[in-house]
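Coordinate inspection notes
Listed below are the residues making up each chain.
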Amino acid sequence: MAPKLKLNNKKLDNLLEVIRDRRSVRSFDPGDRVPRETLEKIADAGRWAPSGANSQPWEICIIEDPERVREVASVMASQADRLNEHCKGFPHVHKKHWVHDSVALLAVFVDPRWADTYPVALDSDLDRTEYEENRSNILLVSVGAAIQNLQLATTAAGLTSAWLSGGGEPQTARALQTLLGFPTSHIPYGIVPIGWPRRKAESRWRRPIDEVIHWNQAVQANLRSQEDIDHYLAKERRHSIYKDAEARDQHLEKLPTDGEIDQVDDGNH
Ligand SMILES: Cc1cc2nc3c(=O)[nH]c(=O)nc-3n(C[C@H](O)[C@H](O)[C@H](O)COP(=O)(O)O)c2cc1C
């Protein structure tokens, strides 16, 4: 008879510690280079992520040559400038110059053609209504799992990271494909700068656990409404993204009223 399996709460707690420690830190101290062996382990964490149909639709490009790091950082700085110009309502870090202080960057290139390996209904009408859109959902959540793994491994190694999604914008994608030699079929959905944290990562706001967990069925009162989304946009978003949780609470009442554009954030707090 197989031995009775036991819960491993210690391992769970250790993992939770790494998960809680992972923070998006957008300010790095230039520091020692990180050995390839460590970077390879971090990338390996991404490789072990789950993916729809085990399609593993990603290529993980490790950029650690200092000149290459600078070139990729420049592409991301231009992306940030465009975002700042065109999406003024979105609270942003002033410029992505901090990316230049990365010791390495991980660019996760994804080939969306792998979505063809997910469920397809033989009845084409049904396929369109039931399955087609969900194929791109499966692809993207798979990529999310891989990037999450990269960030957790980075944290476990004593480094810090951020998750930049601007590589999915066509202009930025083209620039990165050209620079790094990837074909146009491969889109850099996630860029993860890695560095030595300039300061201790602050805590960041999370919804209370009792509100997020629904035991066995939906707790209707905990579901957020359109009003909550509007309130988040008008009053909370900027501080929820960039500030320490306590500072967020303190500033909540002083935030701009609806319609006002959030201030630029210099990322230095
Ligand atoms: C899909 C996705 C895209 C993101 N894109 C960006 C980004 O382009 N730039 C950025 O500074 N942070 C980005 N973030 C980081 C989030 O802002 C951050 O995870 C969130 O505010 C919570 O903070 P924390 O990571 O410190 O817990 C992204 C996160 C995810 C999951």
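Residues numbered from 1 in each chain as written. Predicted model: local features only at pLDDT ≥ 70, side-chain atom pairs only at ≥ 80, totals over all residues. Heavy atoms only, no water.

1. Focus on the pattern of salt bridges
Note the threshold: Whenever a carboxyl oxygen of Asp or Glu lies within 4 Å of a side-chain nitrogen of Lys or Arg, that contact is scored as a salt bridge. Runs of H or I in DSSP of at least four residues are treated as helices and runs of E of at least two as strands, each being numbered from the N terminus. Residue exposure (1.4 Å probe, protein chains only): buried if accessible area is under 20% of the type maximum, exposed if over 50%, otherwise partly exposed.
This model, assessed by the stated rule, comprises 12 salt bridges. Its salt-bridge partner being Arg-198, residue Asp-29 comes within 3.2 Å of it at the nearest N-O pair. One end of the pair, Asp-29, is in strand E1 (residues 28-29); the other, Arg-198, is in the loop between strand E5 (187-197) and helix H6 (209-212), and 169 residues separate them in sequence. Residue Arg-198 is classed as partly exposed on the basis of its relative accessible area of 41%. Notably, a salt bridge pairs Arg-113 with Asp-111, separated by 2.8 Å at the nearest N-O pair. When its relative accessible area of 55% is taken as the criterion, Arg-113 is described as exposed.

2. Considering a nonpolar patch on the surface
Selection criterion: Nonpolar side chains (Val, Leu, Ile, Met, Phe, Trp, Tyr) within 5 Å and like charges within 9 Å form the patches, drawn only from residues with over 30% relative accessible area and no salt bridge. The Shrake-Rupley method, run with a 1.4 Å probe sphere, supplies the accessible areas, and residue values consider only the shown protein chains as cover.
A cluster of nonpolar side chains, namely Ile-209, Val-212, Ile-213 and Trp-215, defines an oily patch on the protein surface of about 450 Å² accessible area. With respect to the element layout, Ile-209 can be found in helix H6.

3. Regarding the nonpolar core
Rules: What is meant by a nonpolar core is a set of buried Ala, Val, Leu, Ile, Met, Phe, Trp, Tyr and Cys residues, joined one to another through side-chain atoms within 4.5 Å.
Among the nonpolar cores identified, the biggest contains 22 residues, and Ile-42, Leu-106, Val-108, Leu-159 and Ile-194 are the most heavily contacted of them. Elements supplying a minimum of two residues to this core: helix H2 (36-47), strand E3 (104-110), helix H4 (124-156) and E5. It is H4 that provides the largest number of residues to this core, a total of six residues. Residues Val-72, Val-75, Met-76 and Leu-164 belong to the second largest nonpolar core, which totals 18 residues.

4. Comments concerning the site of the ligand
This is how it is decided: By convention in these notes, a residue is near a molecule or strand provided one of its non-hydrogen atoms lies within 4 Å of it. In protein, a polar contact requires one atom able to donate a hydrogen and another able to accept it; more generally it is a pair of N or O atoms within 3.5 Å, and residues adjacent in sequence count only if both atoms are side-chain atoms. Residues are called lining when one of their atoms sits within 4 Å of a cavity or pocket point, these points coming from a 1 Å grid over the protein atoms alone, where a cavity is a set in which a 1.4 Å probe fits but cannot get out and a pocket is an open set with protein on both sides within 12 Å along at least five of seven lines. Being in a pocket or cavity means that more than half of the molecule's atoms lie within 2 Å of its grid points. Three residue categories are used. Nonpolar comprises Ala, Val, Leu, Ile, Met, Phe, Trp, Tyr, Cys and Pro, charged comprises Asp, Glu, Lys and Arg, and polar comprises the others, including Gly. In this entry, domain limits derive from an automatic or database-based domain assignment.
Close contacts around the ligand come from Arg-22, Arg-23, Ser-24, Arg-26, Trp-163, Leu-164, Ser-165, Arg-204, Arg-206 and Ile-241, and that covers them all. Separating an oxygen atom of the ligand from a side-chain N or O atom of Arg-22 is a distance of 2.9 Å. Trp-163 has a polar backbone atom sitting 3.2 Å from a nitrogen atom of the ligand. Relative to its free-state accessible area of 630 Å², the ligand is covered by the protein chains to the extent of 69%. Most atoms of the ligand, that is more than half of them, are within 2 Å of grid points of the largest pocket. In terms of residue class, the shell around the ligand is made up of three nonpolar, two polar and five charged. Counting contributing residues, the shell around the ligand receives three or more from each of domain 1 (23-201) and domain 2 (202-262).

5. Thoughts on the layout of surface pockets
The line we're drawing: Grid points are joined across faces, edges and corners, and a volume is the space filled by probe spheres set on the points.
Here the largest pocket is characterised by a volume of approximately 590 Å³. Only helix H3 (66-86) and helix H7 (226-242) provide two or more residues apiece to the lining of the largest pocket. Here the lining of the largest pocket is composed, by residue class, of 13 nonpolar, seven polar and eight charged. Here the lining of the largest pocket spans two domains, since at least three of its residues come from each of domain 1 (23-201) and domain 2 (202-262). Taken as a whole, the second largest pocket holds about 240 Å³ of empty space. Along its surface, the second largest pocket is lined by 15 residues, and Asp-21, Arg-22, Arg-23, Lys-200 and Ala-201 are the ones closest to its centre. Split into classes, the residues belonging to the lining of the second largest pocket amount to four nonpolar, four polar and seven charged.

6. A word on the domain arrangement of the protein
The line we're drawing: A 1.4 Å probe defines the accessible area here, and the buried area is the portion of it lost by two parts on being joined, summed over both.
Here the domain parsing of the protein yields domain 1 (23-201) and domain 2 (202-262). Taking only C-alpha atoms, the centre of domain 1 and the centre of domain 2 are 26 Å apart. A combined buried area of about 1000 Å² lies between domain 1 and domain 2, and 49% of that area is made up of carbon and sulfur atoms. Counting the surface domain 1 buries against domain 2, the share from its top three residues, Arg-23, Arg-26 and Pro-91, is 47%. Linking domain 1 with domain 2 are zero salt bridges, by the criterion used here. On inspection of domain 1 and its partner domain 2, the count reaches three residue pairs in polar contact (both at pLDDT 80 or more). Of the residues contributing to the side of domain 1 that touches domain 2, the split by class is four nonpolar, three polar and five charged.

7. A closer look at the packing of aromatic side chains
Using the following cut-off: Each aromatic pair joins two rings of Phe, Tyr and Trp (for Trp, the six-membered one) with centres within 6.5 Å, and gets the label stacked for planes under 30 degrees apart, edge-to-face for over 60, and tilted for any other angle. Here, over-ring charges are defined by two tests on the NZ atom of lysine or the CZ atom of arginine: distance to the ring centre within 6 Å, and angle to the ring normal within 35 degrees.
Enumeration over the complete set of coordinates arrives at three aromatic pairs. Taking the centre distance of 3.9 Å and the plane angle of 10° together, the rings of Phe-109 and Phe-182 count as stacked. Of this pair, Phe-109 sits in strand E3 while Phe-182 sits in the loop between helix H5 (170-180) and E5; the two residues are 73 residues apart in sequence, bridging distant segments of the chain. The class for Phe-109 is buried, based on a relative accessible area of 0%. Relative to Tyr-232, the ring of Trp-205 has its centre 6.2 Å away and its plane inclined at 35°; by these criteria the two rings are tilted. Of this pair, Trp-205 sits in the loop between E5 and H6 while Tyr-232 sits in helix H7; the two residues are 27 residues apart in sequence, bridging distant segments of the chain. Judged by relative accessible area, Trp-205 falls into the partly exposed class, the value being 23%. Overall, Tyr-232 belongs to the partly exposed group, its relative accessible area being 25%. Of note, Arg-248 hangs over the ring of Trp-205, and the distance from its end group to the ring centre comes to 3.9 Å.

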